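Here's the letter readout for the chains.
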Amino acid sequence: MPRTSLIGPLVVVASVAMGCSGGDADRSTRTSEPASSGARASGDDSAVAAGFLDRARAYLQAASKVEPSTDDSRGKVWRSVARLALDADAPVDLVPADFATIDERFATFTDTTDFDMIALINLWYRSDKGRRLSADTRAHVKDLILGFKYWYTEPQPDGIVDERWYWSENHQILFHANEYLAGQAFPDETFTNNGQTGRQHREHAAPLIDAWVDHRARWGFAEWYSNVYYQEDLETTVALAEFAADEPTATRGAIASDLVLVDLASHTFKGAFGATHGRTYKKDKMTALDEDTWEISKLVLADTDVAEGSPLGAVYLASASTYRPPAVVSDILTSRGDAGSPDDAGGAVERARHSLAIDPLAPVAADPEGPMGLAFDDPDNLMTWWGMGALTPWQTVVETTGEMTTYDLWKAELFSDFAPFEPIVKSSPPDQVRALAQSLAAQLNLGLLSEANTYTWRSPGAMLSTAQDFRKGQASQQHHIWQATFSPQAQVFTTHPRVATPPDTAWHSNTDDWTGSATLPRSVQYRNVNITMYAPGFRSDQELRGSYMDYTHAYLPQDAFDEVARSGRWTFARLGDNYLALYSWRPPEWVTYDPARYDTNGLTKPFELVAAGGPNNVWITEIGSAAQHGSFAAFQQAIAANEPEVHPLGDPDDDSTAFDVSWASPSAGPITFGWDAPLVVDGAPQALGDYPRIDAPWGRVPFDSTGYDLRAGGHSLRIDTTKPSRTSR
């Protein structure tokens with residue numbers, strides 16, 4: 001078989017790799033006073049808890065008055081949940097016709113219907129198991145719950161293709177929690193899709209939930225710091241904490257919720273979840289006001305006076321009567337170190353490790369050893385690999401295509417380009433499939449969320465965050481590698497675009513000008529300094545989704561800063577008393593967009609710096625402040641006094657040529673770094689990997705640990721998934 005004959009199918013699998021046990025008693029109506037452990041409230045009677053409850057009530061009051069569009073069935077459900085949370089005896093005006101869009105989506109097995117189901121689950125439990133609904137509406141909701149397909153291994157109705165994406169990290173917990181809570185609600189009823197009882201469904205989901213929560217505690221989130229999918233994770237785990245009758249399951253739901261909120265608190269600045277992200281989109285990353293996590297941040301952290309963006313997006317959390325965010329998150333939020341001095345940049349640093357190590361570029365070997373002792377060919381581990389987007393590394397590609405055959409996944413739209421190659425895949429020996437996957441590894445694994453070691457520096461005036469040395473030169477789909485954050489709107493980052501910004505296209509359409517990166521850089525950080533180096537590992541004509549642009553670019557919205565200046569290859573920006581310096585080895589130029597042809601999301605000044613001449617380039621960022629440098633002019637002078645020395649490691653006109661860099665940073669001192677060289681700061685090599693799960697001023701948690709002990713200010717959080725136990729003070 002020609003070596004290229006499997007490119008089509010493997011590309012499709014890679015490109016969709018990130019596709020978008022207890023009793024029956026109902027816990028949702030318990031109203032006893034908060035306890036200090038388990039899934040219940042913190043019990044510290046603090047201003048933190050009181051403030052959250054005040055904000056939650058205000059949010060629910062606003063949500064209860066929203067008028068969703070006619071076809072927004074999910075919005076109507078969440079509005080009813082808000083009204084019931086304010087008054088459990090409130091009349092619910094939903095009628096069966098209000099569910100028309102959900103009905104259609106369920107009937108056609110459309111993707112993200114698990115988002116609809118978690119809304120219905122909330123409605124069922126908040127309405128006292130449907131008792132507050134009219135008889136017709138109650139029967140309709142019950143039929144939707146009993147007829148749902150809760151996992152891809154269940155039977156599929158003849159003549160209908162299942163278009164749902166079950167396998168990413170957030171979708172897995174959504175489907176498992178939906179199944180568990182639906183089974184708990186109807187333990188003796190028969191679920192019509194597969195003929196099992198509710199009790200059987202709950203028993204199927206329980207160990208999957210336990211494993212998911214255990215893995216998040218031990219290995220972190222593969223979709224690290226996602227300002228999109230942390231919203232879905234939290235929506236689901238709070239439902240478990242609220243509604244699971246089994247106390248250990250409810251506690252695990254609370255623990256997983258805590259993990260999300262700790263990540264959010266430790267990487268939020270002025271309301272912006274301005275960290276590196278394992279997954280995000282243009283619609284969420286250009287301004288924090290568009291983040292799906294914005295309402296969570298407003299509700300829990302209250303770190304900004306800017307108004308909420310979505311009136312219904314956080315109803316699930318605002319309506320919580322059992323789960324309370326741990327008080328320590330407010331202290332973590334404000335643990336930013338000092339403002340700095342002439343001799344020090346100030347701030348505080350968190351290092352963290354997420355996900356598991358899989359190297360698709362490694363040579364093919366017989367019986368490869370999996371991370372943490374997990375065997376690649378063990379069927380019980382397949383969802384671990386798929387949850388981290390590892391569908392097409394050579395280590396897993398045979399198991400992936402085998403599962404597709406077993407469950408007839410070839411027909412789905414997300415796999416449609418794969419269909420013509422189905423007979424080739426089925427007739428090829430495994431070793432040949434693995435060899436081909438390895439030969440195309442740099443281009444193939446767009447959605448791979450393998451081990452990421454993140455480094456975040458946060459001061460009272462700014463934040464800088466990076467995924468250290470993550471999959472350099474390889475193709476990317478939704479990764480966001482580094483970002484500097486000064487406010488919700490003042491955010492700066494670079495990417496290698498797959499396409500130029502298209503005219504006559506909505507800003508929030510998630511085009512590949514800013515979503516993800518055609519190729520990933522080698523990006524590193526030391527405190528307030530980042531160096532990001534691009535050198536594609538394959539040619540543009542080898543790009544399996546078309547091609548890539550011959551430049552890198554930076555997003556620097558001038559409208560969001562008080563002052564912007566240029567000096568040679570340096571661009572400087574100021575917001576208040578905090579400063580940014582951004583260097584490009586290839587001379588950068590502002591791009592101006594005609595608002596008559598291009599949607600600029602209201603930006604009136606240029607926001608894009610293009611470094612033309614090639615996709616290989618070096619960008620350097622340093623953050624400063626008045627406390628450290630004095631005036632903005634003095635900061636510019638200190639930065640520009642030492643021009644970086646950039647040495648191409650070959651012909652710079654060759655896209656794959658990388659660089660060595662040396663520079664004398666005004667704050668960090670002499671820095672050297674290269675494509676294959678270590679990061680050395682002031683003579684000391686810096687660790688870029690093998691970080692603990694968390695290493696921060698509020699606690700150090702070893703990687704692969706099930707227990708956390710986090711302390712900040714006057715509060716603490718102790719959690720352990722093995723018991724499970726949770727204590728917040």
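Now for a look at the structure at hand. Just so it is clear, the structure is predicted and the values come from calculations on it, not from any experiment.

The subject of this paragraph is the sheet that holds strand β4 (residues 482-485). Strand order in the open sheet made by the ten strands is β12-β13-β8-β5-β4-β3-β2-β1-β20-β21, with antiparallel pairing throughout. On the outer flanks of this sheet lie β12 (588-591) and β21 (699-701), each paired with one strand and no other. Across the sheet, the mean angle from the axis of one strand to that of its neighbour is 15 degrees, orientation sign disregarded. The sheet contact formed by β4 and strand β5 (residues 491-495) spans two bridges and is antiparallel. Following the sheet pairing, Ala-484 is matched in β5 by Val-492.

In sheet architecture, strand pairing relies on hydrogen bonds along the backbone and comes in two forms, parallel and antiparallel. If you trace the six strands from one edge of the open sheet to the other, you get β6-β7-β14-β11-β10-β9, paired in antiparallel fashion. Edge positions in the sheet fall to β6 (522-526) and β9 (563-567), since each of these pairs with one other strand and no more. Neighbouring strand axes in the sheet, compared pairwise and without regard to direction, differ in orientation by 15 degrees on average. Two elements, β9 and strand β10 (residues 570-575), share five bridges in a ladder whose sense is antiparallel. Bridge assignment links Arg-566 to a residue of β10, and that residue is Thr-571. Packing of helix α21 (residues 632-640) onto the sheet brings it into contact with β9, β10, β11 (578-584) and β14 (617-625), and relative to β10 it is tilted by some 155 degrees.

Before going further, it helps to examine the side chain of His-215. Within the fold, His-215 resides in helix α8 (residues 198-219). Setting aside chain neighbours within four positions, we find His-215 in contact with Gly-220 and Thr-384.

Let us look at the nonpolar core. The biggest cluster of nonpolar side chains holds 129 residues, and the ones touching the most others in it are Leu-123, Ile-145, Trp-167, Leu-181, Val-315, Leu-317 and Trp-385. When sequence neighbours within four positions are dropped, the list of residues in contact with Trp-167 reads Tyr-152, Gln-172, Met-383, Trp-386, Gly-387, Leu-409 and Phe-415. By size, the runner-up hydrophobic cluster in this structure holds 28 residues, among which are Ala-535, Ile-620, Val-661 and Trp-663.

Definitions and limits used
Residues numbered from 1 in each chain as written. Predicted model: local features only at pLDDT ≥ 70, side-chain atom pairs only at ≥ 80, totals over all residues. Heavy atoms only, no water. Pairing = 2+ DSSP bridges. Helix = DSSP H or I, 4+ residues; strand = E, 2+ residues; numbered from the N terminus. Axes fitted to C-alpha atoms, helices over the stretch in contact; angles between N-to-C directions. Contact = heavy atoms within 4.5 Å. Core = buried A, V, L, I, M, F, W, Y, C linked by side-chain atoms within 4.5 Å. Buried < 20%, exposed > 50% of the residue type's maximum accessible area, 1.4 Å probe, protein only.

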